[in-house]
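If you want the building blocks of each chain, they are given just below.
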Amino acid sequence: MNRLSRRNFLGAGAAFTIIPAHILRSQTAPSNQITRALLGFGGIARSGAHLGNKDTRLIALCDPDGKRMEEGIGEAEKHGFGKIKVCRDFREILAMPDVDIAHICSPPHWHGVMSVMAAQAGKDIWCEKPMTRTIGEGRRVMEAVKANNRIFRLNTWFRFQDGFYGFGTDVKPIKKVAENRLLGWPLKAVVGDVTGFGLKFGWSGMTNAKPQPVPEHFDYDLWLGPAPFKPYHPHRTHGTFRGYWDYDGGGLGDMGQHYLDPVQYLLEKDETSPVKIEVDCLPQHPDAVGSFRRITLTYADGCQITLDGDNSLKDAPFLEGPKGKLWPQMRSDIPNLKDIIAELPEPRAQQTNFTESVKLRRTFALNERNGFRSATIVNLALVAMRLGRGFAFDPDKLCAVNDPAADRFIYQQMRDKWAI
């Protein structure tokens, strides 16, 4: 159990947070800093959220590609972290008692396995999006994080900071519009180019790739991990893996949680999921992700999300309710909307500093529970694409309604030694 694990003490009927003296004194000596390791060292691992994060101290990283391991040594020194441990296998990292936080920067087919194993190893978790590649994996992550009293953060942030794509604002004023029912209820949201969300259909796999020799520096079997074995081709790995169903879900897998997590927050659906999924798309290749024309996800109360894949909803508002509409740049058919928003109460405050969450054992704004629900929106849409038809979903039981074919995609098998 690592040192952060010991900061929580459960007494009879009450929870007490033990805060070490060095935190109270705000000391920052290396021995007093929270430590972290990067699980995977591809492009996203080198971002400011991971490699460049100065709130905590990087002490290790791993990657099944030996060249990336060597690059990691140099990059860590450039960022002022000195000599760090590097290895191929993430299990060596999780066995290190001095690692507090596991930054999961692997391809999505690893997110579920790594999150569960990190939680079981007593690590807190900062996980890249999408949270998991399937709904079943996400359910298992929630269970493991709760069972092991871990702090979990998903790496998308638009529900609580930064400009919200084409809107010229962050989400807060839009949240005021929604929660004060200025547009009425239920709300319908459109996500597509017309509302500022490019769905990136360029991420598509090759359907005629011929097997190639695995480079000596690359442990391809470890990279595959829980995914089914397929012969090696470089297009299946590294920067182009998103185009294959085994590892991600194309452009929707790449950007869907960035786009849809704030929509879920606006629609007040952090505790539930759509009950009906409809799709209009061409038949999908069994290996390579394709595109779609339209996907519609409907909630039990009538709220709805439409993914406009073919950009046919030319003048669609981002949000529409029985009392009004809202377009990007905060255009609306409600007169003086900005003045009205200025007079409304602020939305409920959110815990948005992950280091503070870890120190004080406070749930982060985007965590394993609401993050699971926004990942589920993405994964329900991807299931419909793979089926080539719609289906009904039970948001409490977390399974398709009388639809075994859909459930096979919701709860997919993993290679035996990685099954969670």
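Quick summary incoming for the structure in this document. Keep in mind it's a predicted model, so treat the numbers as computed, not measured.

### Some details on the overall build of the protein chain
Step number 1: The number of helices and strands found in the protein chain is 12 helices and 17 strands.
Step number 2: For 420 residues, the compact-globule estimate of 2.2 N^0.38 gives 22 Å, and the protein chain sits close to it at 22 Å.
Step number 3: For the protein chain, the spread of C-alpha atoms along the principal axes amounts to about 60 × 60 × 45 Å.
Step number 4: Burial status across the protein chain gives 55% buried among its 420 residues.
Step number 5: Contacts in the protein chain between residues far apart in sequence, at least 24 positions, make up 67% of those at least 6 positions apart.
Step number 6: For the protein chain, the exposed surface amounts to about 17600 Å²; the carbon and sulfur share of it is 51%.
Step number 7: Between the mean site of the 55 positive side-chain charges and the mean site of the 48 negative ones, the protein chain shows a separation of 3 Å.

### Examining the pairing of strand E16 (residues 391–394)
Step number 1: On E16, burial follows the alternation: Phe391 and Phe393 on one face are buried, whereas Ala392 and Asp394 on the facing-out side are not.
Step number 2: Bridge count between strand E10 (residues 276–280) and E16: two bridges; the pairing is antiparallel. Residue pairing in the sheet places Lys276 in a bridge with Ala392 of E16.
Step number 3: Both E16 and strand E17 (residues 399–400) contribute to a ladder of two bridges, which runs antiparallel. Paired with Phe393 across the bridge in E17 is Ala400.

### Focus on the sheet that holds E10
Step number 1: Spatially, the nine strands line up as an open sheet ordered E15-E14-E13-E9-E12-E11-E10-E16-E17, and their pairing is mixed. Edge positions in the sheet fall to strand E15 (331–332) and E17, since each of these pairs with one other strand and no more.
Step number 2: Sitting on the sheet, helix H11 (residues 370–387) is in contact with E10, strand E11 (294–298), strand E12 (304–308) and E16, with an inclination near 150° to E16.

### Topic: the pairing of E12
Step number 1: Across the five residues of E12, five count as buried, placing the element largely inside the fold.
Step number 2: Residues of E12 alternate between two faces, with Gln304, Thr306 and Asp308 on one and Ile305 and Leu307 on the opposite face, all of them buried.
Step number 3: In the sheet, strand E9 (residues 188–192) pairs with E12 via five bridges, with the strands oriented parallel. Within the sheet, the bridge partner assigned to Lys188 lies in E12 and is Gln304.
Step number 4: As paired strands, E11 and E12 are joined by five bridges and run antiparallel to one another. Along E12, the bridge assignment pairs Arg294 with Asp308.
Step number 5: Hairpin connection from E11 to E12: five residues lie between these consecutive antiparallel strands, with Gly302 at a positive phi of about 100°.

### Some points on the layout of surface pockets
Step number 1: Taken as a whole, the largest pocket encloses approximately 590 Å³ of empty space.
Step number 2: Around the largest pocket, the lining is made up of 34 residues, and of these Ile44, Cys105, Ser106, Pro107 and Phe241 lie nearest the centre.
Step number 3: Residues belonging to the lining of the largest pocket are distributed by class as follows: 16 nonpolar, nine polar and nine charged.
Step number 4: Empty space within the second largest pocket amounts to approximately 440 Å³.
Step number 5: Around the second largest pocket, the lining comprises 18 residues; the ones closest to its centre are Arg159, Tyr265, Asp270, Arg348 and Gln350.

Rules behind the numbers
Residues numbered from 1 in each chain as written. Predicted model: local features only at pLDDT ≥ 70, side-chain atom pairs only at ≥ 80, totals over all residues. Heavy atoms only, no water. Helix = DSSP H or I, 4+ residues; strand = E, 2+ residues; numbered from the N terminus. Rg over C-alpha atoms; globule rule 2.2 N^0.38 Å. Buried < 20%, exposed > 50% of the residue type's maximum accessible area, 1.4 Å probe, protein only. Contact = heavy atoms within 4.5 Å. Areas by Shrake-Rupley, 256 points an atom, 1.4 Å probe, with all protein chains shown as cover. Lys, Arg positive; Asp, Glu negative; His and termini not counted. Charge placed at Lys NZ, Arg CZ, Asp CG, Glu CD. Pairing = 2+ DSSP bridges. Axes fitted to C-alpha atoms, helices over the stretch in contact; angles between N-to-C directions. 1 Å grid on protein atoms, 1.4 Å probe; cavity = no way out; pocket = protein on both sides within 12 Å on 5 of 7 lines; lining within 4 Å. Points joined across faces, edges and corners; volume = space filled by probe spheres on them. Nonpolar A, V, L, I, M, F, W, Y, C, P; charged D, E, K, R; others polar.

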